[in-house]
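The chain contents come next:
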Amino acid sequence: MQDVENLKHLVDYGVIALLIVMSFIAVFFFIERIIFYKRIDVKSYKTKKSLDIALTKHLTIIGTIASNAPYIGLLGTVLAIMLTFMTMGNAGDIDAAKIMESLALALKATAVGLVVAIISMVLYNILSRFAEVLESQYEATEVWFNKCNTIYWCFIGTFSNSF
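Every value quoted in this text rests on a predicted model; they were computed, and no experiment measured them. (Residues numbered from 1 in each chain as written. Predicted model: local features only at pLDDT ≥ 70, side-chain atom pairs only at ≥ 80, totals over all residues. Heavy atoms only, no water.)

How would you sum up the overall build of the protein? Please name residues and give values.
Counting its regular elements, the protein contains four helices and zero strands. Long-range pairs, those at least 24 residues apart, make up 88% of the contacts in the protein with a sequence separation of at least 6. About 10600 Å² of surface is accessible on the protein, with carbon and sulfur atoms providing 71% of the total. (Helix = DSSP H or I, 4+ residues; strand = E, 2+ residues; numbered from the N terminus. Contact = heavy atoms within 4.5 Å. Areas by Shrake-Rupley, 256 points an atom, 1.4 Å probe, with all protein chains shown as cover.)

Describe in detail the packing of aromatic side chains, supporting the description with residues and values.
Taken as a whole and assessed by the stated rule, the structure comprises three aromatic pairs. Their ring planes at 65° and their centres at 5.3 Å tell us that Phe28 and Phe29 sit as a pair that is edge-to-face. Considering the side-chain rings of Phe36 and Tyr37, the 6.1 Å spacing of their centres and the 55° angle between planes classify their relative orientation as tilted. By relative accessible area, which is 24% here, Phe36 ends up partly exposed. Of the aromatic side chains, those joined through ring pairs into one cluster are Phe36, Tyr37 and Phe130. (Phe/Tyr/Trp six-rings, centres within 6.5 Å; stacked < 30°, edge-to-face > 60°. Buried < 20%, exposed > 50% of the residue type's maximum accessible area, 1.4 Å probe, protein only.)

Account for the pattern of salt bridges, naming residues and giving values.
Applying the stated criterion across every chain, the model contains four salt bridges. Of the charged contacts, one joins Glu32 and Arg33 as a salt bridge, the two residues approaching to 2.9 Å between their closest N and O atoms. Note on Glu32: relative accessible area 25%, which makes it partly exposed. (Salt bridge = Lys/Arg side-chain N within 4 Å of Asp/Glu carboxyl O.)

Would you mind going over unusual backbone geometry in detail, with residue names and values included?
Unlike most non-glycine residues, His58 shows phi in positive territory, near 75°. Within the element layout of this structure, His58 appears in the loop between helix H2 (48-55) and helix H3 (59-91). By relative accessible area, His58 is classed as partly exposed at 21%.

Account for the nonpolar core, with residues named and values stated.
A general feature of soluble globular proteins is that nonpolar side chains tend to end up buried together. Ranked by internal contacts, the top residues of the largest apolar core, which has 15 residues, are Tyr37, Leu51, Leu55, Leu127 and Leu134. Broken down by secondary-structure element, the contributors of at least two residues to this core are helix H1 (2-39), H2, H3 and helix H4 (96-161). When residues in this core are grouped by element, the largest group, five residues, is from H4. Once residues lying within four places of it in the same chain are set aside, the contact partners of Leu127 are Phe30, Arg33, Ile34, Tyr37, Leu59 and Ile62. (Core = buried A, V, L, I, M, F, W, Y, C linked by side-chain atoms within 4.5 Å.)

I'd like a description of H2, backed by residues and values.
Taken together, the buried positions of H2 are Leu51, Ala54 and Leu55. Mapping the buried residues of H2 onto a view down its axis gives an arc of 95°, with all of them on the same face. Looking at H2, the residues exposed on the side facing more than 90 degrees away from the buried face are Lys49 and Ile53. (Arc of directions from axis to C-beta.)

How would you summarise the environment of Ser120 if you had to cite specific residues and measurements?
Here Ser120 lies in helix H4. A sequence separation of 94 residues divides Ser120 from Ala26, and the C-alpha atoms of the two residues are 6.2 Å apart.

Please provide a residue-by-residue account of the side chain of Glu135, values included.
Inspection of the secondary structure assignment puts Glu135 in helix H4. Although Glu135 is buried, it makes no salt bridge; Lys48 carries the closest opposite charge, 4.5 Å away. Beyond its immediate stretch of four places on either side in the chain, Glu135 contacts Lys48, Leu51, Asp52 and Leu55. (Lys, Arg positive; Asp, Glu negative; His and termini not counted.)

Let's hear about the environment of Ile20: which residues, and what values?
Within the secondary structure layout, Ile20 lies in helix H1. With 93 residues separating them in the primary sequence, Ile20 and Gly113 have C-alpha atoms 8.9 Å apart.

In structure tokens, the structure reads:
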């Protein structure tokens, strides 16, 4: 009986600890990306693809955390509910208050998973918007450079043909 209780606490706190670690990772990469985006010079990239690779680095990690955190929380809830039923089966007596308490505690893993997912998704969307804006700045610079280059060569070509 005591082993099941210890296992229940291990599952419960283990899943929540994993979700907290995942949220710290998401926040860490968010801060790292914000600092990178504030310091980046889009003109220093030769191609849009190289800029895109630099801008989207670590975004998949945040997106993966956002999409998987609810499942990890749900897994913790399912395992805790299974252990609750195992405890009830082993005890032989059914105390409604104890069952409700155990089920309520089991649901906190899902709640934490949802909180981590929502925060990670917001961070991911903020970073995606930053990346879009920086890519647009690159494209605007590229278009301006191409226009200037075309005008220069048209002017030089016209000017040199007149002699």
